[in-house]
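# Structure assessment
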Amino acid sequence: MIKAGIIGATGYAGAELVRILLGHREVELCWLGSRSYMHQKYASVYQNMRKLVDSECLDDRMDELVKQADVIFTATPQGFLASVLKEEHLQQAKIIDLSADYRLKDVNVYEQWYEIVHQSPQFLSEAVYGLCELYRDQIRGARLVANPGCYTTCSILTAYPLVKEGLIDPDTLVIDAKSGTSGAGRGAKTDNLFCEVNENMKAYGVTTHRHTPEIEQQLSDAAGHEIKISFTPHLVPMNRGILVTQYASLIKKADGSLPSEEELRAAYEKYYGQEKFIRLLDPNVYPQTKWVEGSNYTDINFKIDMRTGRVILMGALDNLVKGAAGQAVQNMNLLFGFPESEGLELVPMFP
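Residues numbered from 1 in each chain as written. Predicted model: local features only at pLDDT ≥ 70, side-chain atom pairs only at ≥ 80, totals over all residues. Heavy atoms only, no water.

## Looking at the overall build of the protein
Per the secondary structure count, the protein includes 12 helices and 13 strands. For the protein, the C-alpha radius of gyration of 20 Å lies close to 20 Å, the compact-globule estimate for 351 residues. Expressed along its principal axes, the backbone C-alpha trace of the protein runs to roughly 65 × 45 × 40 Å. Scored against the burial criterion, the 351 residues of the protein give a buried share of 54%. Relative to all contacts within the protein whose residues are 6 or more apart in sequence, the contacts with residues 24 or more apart total 70%. Total accessible area on the protein stands at roughly 15300 Å², and carbon and sulfur atoms take up 49% of it. Averaging the locations of the 35 positively and 45 negatively charged side chains of the protein gives two centres separated by 3 Å. (Helix = DSSP H or I, 4+ residues; strand = E, 2+ residues; numbered from the N terminus. Rg over C-alpha atoms; globule rule 2.2 N^0.38 Å. Buried < 20%, exposed > 50% of the residue type's maximum accessible area, 1.4 Å probe, protein only. Contact = heavy atoms within 4.5 Å. Areas by Shrake-Rupley, 256 points an atom, 1.4 Å probe, with all protein chains shown as cover. Lys, Arg positive; Asp, Glu negative; His and termini not counted. Charge placed at Lys NZ, Arg CZ, Asp CG, Glu CD.)

What follows is the structure, encoded as structure tokens:
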């Protein structure tokens, strides 16, 4: 049994961490940190936790928390962990950061896209990118895990095998992504009010969304050279879910022909055939957010357009589970040698 603390426990991702960890057989929650609701009963903030969580919300003192917890989840805004993290913290507890503070290896890229000064760049080289299906071995030995974002997890997993195997030209990759409103967090914002979102769809962060360099970094590593993508997110009127549709040109073979569906499917099977939380769908069955809601699964499929020489890639996941809290717990399981699916045997909710 290990002890886990959460800073940012009253945000949507933090609350999802609480929900998942309550069902984890190897974890005891010892600290629910929240600046906004300090000293209030956690169950008064989230009434669904009544009779499940009796503790009060605490502060975010890392110096005290590392003395009590074996693992700390920071479900906090960008810049928080970077402003407080010290070497002695990492010597006492494992840290899984759900913000973007340690996802990007180039501090200049981070400061350009997030428009804040990184206050602890000395930890960037050590942090392991917590995409379990790709970096499982590195995660096991890590002290600091940079938990990926929701758009990035879905976008990277959907494209990775075809980029890695050289079946598509990654510089032609265009990603059209859609998210439910919980992806924007729990804070009150005019753009997320019911009357603004209901019966409406809109693009946002066009050419400027902060997940762009994160996707580029990971797919550049897969391609073996630097790439640039076009990424456009959209807000849709639902609570949860990410759906990405990606378009890329296929790379012709030596004889001038295009890769076949069988060759593309074999690439996905090579990387994901043994992965519990990635489901490659049958031909002509395309991912839907409803099929993964409330679960840690990512559903993926593709369709070749022989007329244009392009392939359409599709992926879906729950932004609060595989896109945030579920992935963080998956990382924790790897760090402590638990079965990777412990606490994550979550059947998708339907309808």
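Once you've had a look at it, read on.
## A short note on the packing of helix H1 (residues 12-22) against helix H12 (residues 321-336)
In a packed pair of helices, the relevant descriptors are the angle between the two axes and the axis-to-axis distance. For the pair H1 and H12, the least separation of the axes is 9 Å and the interaxial angle reads 45°. In terms of orientation, H1 lies oblique with respect to H12. The way H1 lies across H12 gives a crossing that is right-handed. On H12, the residues that touch Ala13, Glu16, Leu17, Arg19, Ile20 and Leu21 of H1 are Val321, Ala324, Ala325, Gly326, Ala328, Val329 and Met332. Here the contact of H1 with H12 is composed, by residue class, of 10 nonpolar, one polar and two charged. (Axes fitted to C-alpha atoms, helices over the stretch in contact; angles between N-to-C directions. Parallel < 35°, antiparallel > 145°, perpendicular 65-115°, else oblique. Left-handed = near helix turned anticlockwise from the far one by under 90°. Nonpolar A, V, L, I, M, F, W, Y, C, P; charged D, E, K, R; others polar.)

## Quick notes on the state of the cysteines
Taken as a whole and assessed by the stated rule, the structure comprises zero disulfides. Cysteine Cys150 is unpaired, with the sulfur of Cys154 as its nearest cysteine sulfur at 9.0 Å. Exposure remark for Cys150: the relative accessible area of 12% places this residue in the buried category. (Disulfide = S-S within 2.5 Å.)

## Observations concerning the packing of aromatic side chains
With the rule as written, the count across this model stands at nine aromatic pairs. Seen from their ring centres, Tyr151 and Phe231 are 5.4 Å apart, and the 75° between their planes marks the pair as edge-to-face. Of this pair, Tyr151 sits in helix H8 (residues 150-164) while Phe231 sits in strand E9 (residues 230-235), and the two are 80 residues apart along the sequence. Here the aromatic rings of Tyr268 and Tyr272 are separated by 6.4 Å at their centres, their planes lie at 40°, and the arrangement is tilted. One end of the pair, Tyr268, and the other, Tyr272, are both in helix H11 (residues 261-272), four residues apart, so they sit about a helical turn from each other. By the burial criterion, Tyr268 is buried, and Tyr272 matches it. Among the aromatic residues, ring-to-ring pairing joins Tyr268, Tyr272 and Phe302 into one connected group. (Phe/Tyr/Trp six-rings, centres within 6.5 Å; stacked < 30°, edge-to-face > 60°.)

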